[in-house]
Amino acid sequence: MASTTIKLSFFFAITLIFLQAVTPLNLQHPLDPLTKEEFSIVQTVVLHKYPTSKNSVAFHYIGLDDPDKDDVLKYETQPTLITIPRKSFVVAIINSQNHEIVIDLRLKTIVSDNIHKGYGFPILSADEQGVAIKLPLKYPPFIASVNKRGLNLSEIVCSTFSMGWFGEEKNSRTVRVDCFMKENTVNIYVRPISGITIVVDLQLMKIVEYNDRGIEAVPTAEKTDYRFSHQNPPFGPKLNSLVSHQPQGSGAHINGHSVSWANWRFHIGFDARAGIVISLASIYDLEKHKPRRVLYKGYISELFVPYQDPTEEFYFKTFFDSGEFGFGLSTVSLIPNRDCPSHALFIDTYIHSADGSPILSKNAICVFEQYGNIMWRHTETGIPNEFPEESRTEVNLIVRTVVTVGNYDNVLDWEFKTSGSIKPAIALSGILEIKGANIKHKDEIKEDQYGTLVSANSIGIYHDHFYMYYLDFDVDGVNNSFEKTSLKTVRITDGSSKRKSYWTTETQTAKTESDAKITIGLSPAELVVVNPNKKTAVGNDVGYRLIPAIPAHPLLTEDDYPQIRGAFTNYNVWVTPYNRTEKWAGGLYVDHSRGDDTLAVWTQKNRDIENKDIVLWHVVGIHHVPAQEDFPIMPLLSTSFELRPTNFFERNPVLNTLSPRDVNWPGCSN
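Each value, and the rule that gives it
- Residues numbered from 1 in each chain as written.
- Predicted model: local features only at pLDDT ≥ 70, side-chain atom pairs only at ≥ 80, totals over all residues.
- Heavy atoms only, no water.
- UniProt positions renumbered as here; feature names shortened; annotations may be inferred.
- Disulfide = S-S within 2.5 Å.
- Helix = DSSP H or I, 4+ residues; strand = E, 2+ residues; numbered from the N terminus.
- Buried < 20%, exposed > 50% of the residue type's maximum accessible area, 1.4 Å probe, protein only.
- Domains from an automatic or database assignment.
- Contact = heavy atoms within 4.5 Å.
- Buried area = accessible area lost by both parts, 1.4 Å probe.
- Salt bridge = Lys/Arg side-chain N within 4 Å of Asp/Glu carboxyl O.

The protein chain is annotated in an unreviewed UniProt entry as Amine oxidase from Cicer arietinum. UniProt annotates the protein chain under Catalytic activity (unreviewed entry) with the comment "a primary methyl amine + O2 + H2O = an aldehyde + H2O2 + NH4(+)". Annotation of the protein chain in UniProt includes, under Subunit (unreviewed entry), the sentence "Homodimer."

Caption draft 1: Spotlight on the state of the cysteines. In the structure shown here, the tally under the stated rule is two disulfides. One disulfide bridge connects C158 with C179, the sulfur atoms lying 2.1 Å from each other. Disulfide C158 to C179: torsion about the S-S bond roughly 95 degrees, handedness right-handed. Of this pair, C158 sits in strand 5 (residues 156-162) while C179 sits in strand 6 (residues 174-181), and the two are 21 residues apart along the sequence. On the basis of relative accessibility, which here comes to 4%, the residue C179 falls in the buried class. Each sulfur in the disulfide pair C340 and C366 lies 2.2 Å from the other. With the S-S bond torsion at -85 degrees, the cross-link from C340 to C366 turns out left-handed. One end of the pair, C340, is in the loop between helix 6 (321-325) and strand 15 (345-352); the other, C366, is in strand 16 (residues 358-379), and 26 residues separate them in sequence. A relative accessible area of 2% means that C340 is categorised as buried.

Caption draft 2: Highlighting the domain arrangement of the protein chain. Segmentation of the protein chain into domains returns domain 1 (36-115), domain 2 (118-225 + 432-462 + 625-632) and domain 3 (252-431 + 463-624 + 633-646). Here the C-alpha centre of domain 3 lies 29 Å away from the C-alpha centre of domain 1. Between domain 1 and domain 3, the residue contacts involve 22 residues of the former and 28 residues of the latter. When domain 1 packs against domain 3, the two sides together hide about 2100 Å² of surface, and 52% of this comes from carbon and sulfur. Its largest share of buried area at the contact with domain 3, domain 1 owes to F39, D66 and K69, together 32% of the area lost on that side. Remark: the boundary between domain 1 and domain 3 carries eight salt bridges.

Following this line, the structure appears as structure tokens:
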């Protein structure tokens with residue numbers, strides 16, 4: 001039996017008409033990502049002021065300069081009556097200086113051009129990394145090291161790694177370059193050439209430090225190639241085929257970058273640094289006969305990946321994947337029928353090269369409906385001579401993208417439920433970071449290897465993944481508050497019950513940023529963003545609750561240099577007043593940063609957050625202890641959290657939602 005789209009009731013049909021009518025066809029939305037033409041405008045305007053004949057110019061970030069939030073909200077209700085300036089924010093290195101440039105895209109003029117004088121450097125460009133990785137292959141000391149190991153230089157490829165900051169008074173734009181063997185496998189990260197330190201100065205574009213500490217075995221290529229064309233039988237287990245067909249077509253309607261589906265409407269943006277951005281998420285309330293805003297904007301602000309090997313080989317590997325490499329710049333094309341089902345809709349977008357030229361990112365995002373789960377059900381056995389039972393099929397909408405930074409693939413989902421929930425999800429795949437070692441069996445290990453022996457001569461290093469989500473809630477309005485409802489045990493001592501204890505709740509409203517710094521898991525609590533200005537019929541504040549994933553907390557000491565830079569992971573939840581300039585939890589300039597422009601620093605102001613326009617920041621973490629099953633390529637390792645309506649509706653909002661109708665399909669039976 002093939003799955004079909006939801007059969008819309010009369011009310012849902014009216015909802016769909018409303019949602020489609022809000023944004024006129026072909027009208028550019030103020031939050032739309034930059035177009036190919038707009039990237040070209042940026043390039044032309046900047047190079048007109050700084051011609052390359054006289055200047056060295058490299059574009060490290062080109063993105064939308066966020067329009068004023070109040071203007072965007074006005075546009076949502078009257079899109080043809082308000083004109084919002086369309087601007088781009090650019091970070092470029094011009095003649096060795098970091099320029100922050102704002103460009104009016106309609107007037108094609110520079111609005112401002114400032115030079116950053118502080119610490120840190122912008123996102124690394126793919127172009128400069130591509131040059132840096134070729135330097136060792138022509139560097140005589142490296143060639144000598146290769147020959148000493150008996151390796152074939154033509155079978156070696158190299159990769160760049162950001163270096164962080166470890167207390168140095170002065171920093172230059174440098175990267176470490178590690179090299180790998182591609183002989184007999186494309187799985188290069190499991191075949192490192194260990195024992196060699198290579199540092200490249202990106203400004204000088206030459207090797208400025210080289211050290212060959214000693215020879216470690218290069219792990220074998222045997223059974224490491226993950227390509228089907230290079231695998232040998234037996235294959236298994238066997239999986240049966242599935243036909244996916246939607247007779248009425250997709251239930252999702254995409255107008256430019258605005259999406260309407262069932263009772264949801266939202267906007268999909270894209271940014272060179274953040275990657276996918278979900279904005280203006282509103283849900284239609286059937287009882288109130290109107291859409292109600294939930295989320296103004298949500299995206300991953302940073303991903304902190306500290307490895308736990310303090311030796312010369314690995315100590316610097318404490319990556320900030322968004323701020324150092326760019327989630328958008330690292331987004332890969334999705335593979336139809338593999339990364340997304342056959343009924344998925346795809347969205348293309350654009351990124352940019354170091355010279356400012358637009359680059360098409362084909363199939364960067366997919367949108368599809370997911371079938372097969374239960375929305376709600378009950379079987380009643382308590383009524384004599386009756387046996388009522390009811391079950392409704394759940395259909396969800398998934399918005400997916402994949403970000404590949406070096407060895408890891410991050411599968412990023414935003415799942416929308418008709419019940420009002422939003423579930424951001426993360427699934428990790430790809431390749432472990434491997435350190436070569438002269439060890440073939442666990443019995444040979446005599447000292448801490450800082451990881452797991454996953455194969456002969458292969459140590460999978462312990463590490464963390466800390467994803468920082470930026471969630472600008474607008475729960476039924478702009479002004480919200482953050483509540484922590486603790487579950488407290490109460491002892492009964494007056495003999496009024498046969499029970500000796502029970503639990504009840506105690507709610508506290510955070511008044512300042514310090515009140516809202518939460519370490520999840522220390523004690524049971526409900527974390528809710530409420531609108532204190534809107535109440536249900538029975539008097540509850542309308543709200544949305546954070547149902548977190550299994551919490552992970554940083555284990556580095558707070559004075560360790562990587563943790564100073566990643567101090568935004570010190571708590572699982574933070575709440576700040578909305579500020580359009582506070583977008584990146586690790587700071588605007590993350591490469592070689594010193595932790596002086598992070599969420600942890602901003603919140604030291606301890607600003608008021610009660611009944612204000614607030615942003616919730618949520619850290620989703622994974623402590624990764626590698627196992628042999630993660631080698632040579634890792635099955636998905638997943639985590640997720642949920643933003644769930646809490647007294648937002650008067651009752652279950654999907655009580656009257658019908659299951660998709662059954663479809664007769666040749667060869668199928670119920």
